[in-house]
Amino acid sequence: MLRNTVTCTPEYARRLPEKARPLIRYRREDFGWLAAFPDGSMAMYDEGVEPLLRAGQPPELCADHLIDRLSVETEFRFRAPAMVWLEITRTCNLRCPHCFVEGGKARSTELPTERIMELLDEWADMGVFSLIVTGGEPTIHPDFSDIVQRAYDLGFVVGIPTNGTTLTESIIERLPRDDVIISLSIDGLHGEGKYRNEGEFAYVTRRLAELRDRGFNTSIMTTTTHQNVDDLPVIMNWARDNDISLRSVPFIPMGRGALHRDLASTVHDVENTARFWIAEEEWARQKDETLGLCAGKVLDFLYTMVFATRRCMSGRGVCYVSSSGDVFPCSTCAGSKVLGGGNVQMTSFAEIWDADDWLIRKITWDNYKDTCSGCPINDDKYFCTGRCPSQSSILNGSYDGCGTTEFQRQSIIRREELFREHIMSEPLVELRRPQADDSASGPGRAS
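A brief report on the enclosed structure follows. (Residues numbered from 1 in each chain as written. Predicted model: local features only at pLDDT ≥ 70, side-chain atom pairs only at ≥ 80, totals over all residues. Heavy atoms only, no water.)

## Overview of the overall build of the chain
So, step 1. In terms of helices and strands, the chain carries 15 helices and 15 strands.
So, step 2. A globule of 447 residues ought to have a C-alpha radius of gyration of about 22 Å, and the chain, at 21 Å, matches this closely.
So, step 3. Along the first, second and third principal axes, the C-alpha atoms of the chain reach 60 × 50 × 45 Å.
So, step 4. A total of 447 residues make up the chain; the buried ones form 58% of that total.
So, step 5. Approximately 18,300 Å² of the chain is accessible, and the part contributed by carbon and sulfur atoms is 48%. (Helix = DSSP H or I, 4+ residues; strand = E, 2+ residues; numbered from the N terminus. Rg over C-alpha atoms; globule rule 2.2 N^0.38 Å. Buried < 20%, exposed > 50% of the residue type's maximum accessible area, 1.4 Å probe, protein only. Areas by Shrake-Rupley, 256 points an atom, 1.4 Å probe, with all protein chains shown as cover.)

## Focus on the side chain of T162
So, step 1. Structurally, the position occupied by T162 is in strand 8 (residues 157-162).
So, step 2. Residue T162 is classed as buried on the basis of its relative accessible area, which comes to 2%.
So, step 3. Here the side chain of T162 touches E137 through a polar contact of 2.7 Å, side chain to side chain.
So, step 4. Those residues in contact with T162 that sit more than four places away from it in its chain are E137, T139, I182, S183, L184, S185 and M221. (Polar contact = N/O pair within 3.5 Å; in protein donor to acceptor, adjacent residues only side chain to side chain. Contact = heavy atoms within 4.5 Å.)

## A short note on unusual backbone geometry
So, step 1. The linkage connecting G135 with the following residue, G136, adopts the cis geometry, with an omega of 25°.
So, step 2. Along the chain, the position of G136 falls in the loop between strand 7 (130-134) and helix 5 (144-153).
So, step 3. Its identity as a non-glycine residue notwithstanding, R310 has a phi of 60°, on the positive side.

## Focus: the packing of aromatic side chains
So, step 1. All chains considered together, the criterion is met by 12 aromatic pairs.
So, step 2. Considering the side-chain rings of F31 and F78, the 6.2 Å spacing of their centres and the 80° angle between planes classify their relative orientation as edge-to-face. You can see F31 sitting in the loop between strand 2 (23-29) and strand 3 (32-36) and its partner F78 sitting in the loop between strand 5 (70-71) and strand 6 (83-87), a full 47 residues away along the chain. Like F78, F31 is buried. (Phe/Tyr/Trp six-rings, centres within 6.5 Å; stacked < 30°, edge-to-face > 60°.)

## Notes on the sheet that holds strand 11 (residues 245-250)
So, step 1. Spatial ordering of the open sheet is given by 11-10-9-8-7-6-12-13-14, a layout of 9 strands whose pairing is mixed. Pairing within the sheet leaves two strands with one partner each, and these edge strands are strand 11 and strand 14 (342-343).
So, step 2. Across 4 bridges, the pairing between strand 6 and strand 12 (residues 318-321) is parallel. By the bridge assignment for strand 12, M83 is matched with V318.
So, step 3. Across the face of the sheet, helix 7 (residues 200-213) comes into contact with strand 9 (180-185) and strand 10 (217-224) while running at roughly 170° to strand 9.
So, step 4. Lying on the sheet, helix 10 (residues 295-309) is in contact with strand 6, strand 7, strand 8, strand 11 and strand 12; it crosses strand 6 at an angle near 125°. (Pairing = 2+ DSSP bridges. Axes fitted to C-alpha atoms, helices over the stretch in contact; angles between N-to-C directions.)

## Here's the deal with the sheet that holds strand 2
So, step 1. Spatial strand order, 1-2-3-4: 4 strands in an open sheet with antiparallel pairing. Unpaired on one side and paired on the other, strand 1 (5-7) and strand 4 (42-45) mark the two borders of the sheet. Neighbour-to-neighbour, the strand axes of this sheet turn through a mean angle of 25°, independent of strand direction.
So, step 2. Looking at chain direction, strand 2 and strand 3 are connected through 5 bridges and run antiparallel. Note that in strand 3 the partner of R27 across the bridge is L34.
So, step 3. Strands strand 3 and strand 4 of the sheet are contacted by helix 10, whose axis makes an angle of about 50° with strand 4.

## A few points about helix 4 (residues 113-126)
So, step 1. The end-to-end C-alpha distance of helix 4 is 20 Å, a good match for the 20 Å that 14 residues give at a rise of 1.5 Å each.
So, step 2. Among all positions in helix 4, only T113, R115, I116, L119, L120, E122, W123, A124 and M126 are buried. (Expected span 1.5 Å × (residues − 1).)

## Section: the nonpolar core
Soluble globular proteins: nonpolar side chains tend toward being buried together.
So, step 1. Ranked by internal contacts, the top residues of the largest apolar core, which has 99 residues, are F78, W123, F156 and F349.
So, step 2. Counting residues per element, this core draws most heavily on helix 10, at 8 residues.
So, step 3. Setting aside anything within four residues of it in sequence, one finds F156 in contact with L2, R21, R25, L120, W123, A124, V128, F129, L131, A151 and D179. (Core = buried A, V, L, I, M, F, W, Y, C linked by side-chain atoms within 4.5 Å.)

## Description of the packing of helix 8 (residues 232-241) against helix 9 (residues 270-287)
So, step 1. Closest axis-to-axis distance for the helix 8/helix 9 pair is 10 Å, and the angle between their directions is 10°. With respect to each other, helix 8 and helix 9 are oriented roughly parallel. Two secondary-structure elements touch here, helix 8 through L232, M236, A239 and R240 and helix 9 through T273, F276, A279, E280 and W283.
So, step 2. Grouping the constituent residues of the contact of helix 8 with helix 9 by class yields 6 nonpolar, 1 polar and 2 charged. (Parallel < 35°, antiparallel > 145°, perpendicular 65-115°, else oblique. Nonpolar A, V, L, I, M, F, W, Y, C, P; charged D, E, K, R; others polar.)

## Thoughts on the pairing of strand 2
So, step 1. The element strand 2 is extensively covered by neighbouring structure, given that 6 of its 7 residues are classed as buried.
So, step 2. Sheet topology places strand 1 next to strand 2; 3 bridges connect them, and they run antiparallel. In the sheet register, T5 faces strand 2, and the bridge partner there is R25.
So, step 3. Here strand 2 folds back onto strand 3 in antiparallel fashion, the turn holding 2 residues.

## Observations concerning the side chain of T222
So, step 1. Looking at the secondary structure, you find T222 in strand 10.
So, step 2. Here I186 takes part through its backbone oxygen, which lies 3.2 Å from a polar atom of the side chain of T222.
So, step 3. Apart from residues no more than four positions distant in its own chain, T222 is found in contact with I186, D187, L232, I235, L246, R247, S248 and V249.

## Considerations on the pairing of strand 8
So, step 1. For strand 8, the tally of buried residues reaches 6 of 6 residues, placing the bulk of the element in the interior.
So, step 2. Burial of strand 8 is two-sided: the residues V157, G159 and P161 facing one way and the residues V158, I160 and T162 facing the other way are all buried.
So, step 3. By the bridge criterion, 5 bridges tie strand 8 to strand 9 in an arrangement that is parallel. Considered in strand 9, the bridge of V158 is made with V180.

As structure tokens, this is what we get:
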């Protein structure tokens, strides 16, 4: 079981979402304690919170111990990732043009199942909270069900991204329901011939509804592209009408996507994608109340940490392990094959995570001062994702250039306008500006 996991009080358990296990996951950090609650909230606390966490108390009773100041040195990191993507195979039955790992053929030296199970034990001992079991198509792996069950038994919150076509009845029957979310892709890029002549949208929505009705939390994954921009409202409306989560990511020309740059959204797509995003945000804030802790909520916490600490959480709060054992700071770095930290077939994960020379941790927003100077979104009212070394490497061939396309820049401005109009008139969290000692106030929520 995960280190420092406790069953919450009966009173707290009674108000949790239906498929959330009543487990509080927490671990020691340099500042005190990091805790993930079964209702989906995460926070950082001082040392005095320990007896409350051990007693299974809810977050409101721990609030007096929230830290209000965090010392952030250049190479700041958590003692372990809050979330890990584990690619158990690159094998896939599809050849999607946007696939960042170029799924299809297995890597030449893929991790044996024995090493995968050892990794799960290592992460449980370190206190990792959330695990994404991915591929390729993860359900093709012959030991997929055993891997998921082991992760569940250890106490992880588990996410399963899949195209759904190889998610057989025997696999479904073996999967745990609580603390597991199954995500299927709808983005019009998978090849209609693979969906039993139904077409992608009809097939995937039918499978999602079936999984929902069988007791799973389910979610739609959508990659937004120039090609599918007109289909986004249909996807959004179906998700909302059928009580299914939705999360989108923009197309990035990496992996196989580097060969299909025509899929990238253009400035002509700004209005439609921004309105899709605001509808996604509105639905997430409603749907999230019915979900417990999940990968999306862990990422929300880490996005807030990006804003609060003024540095990416890749390699600091998350990481990606490929099926050959290579450790990358995040999925984008894995797709662009940059900033790797080591290989778990040659050393333990903890040694890689604890290494002092991982380049990703030497890069902060300070590296982008000249790059960002004069940019219209270089302002705290905007949450620019362009200070990204992996995206910069794709667009510029360097780690400290702008990782934002003109479409993304205009989209961020339009999203901010819509966010203030539809969701929150003053969306910025109250964070004190870093002083000379390079410290930041504790996390709130960024737009």
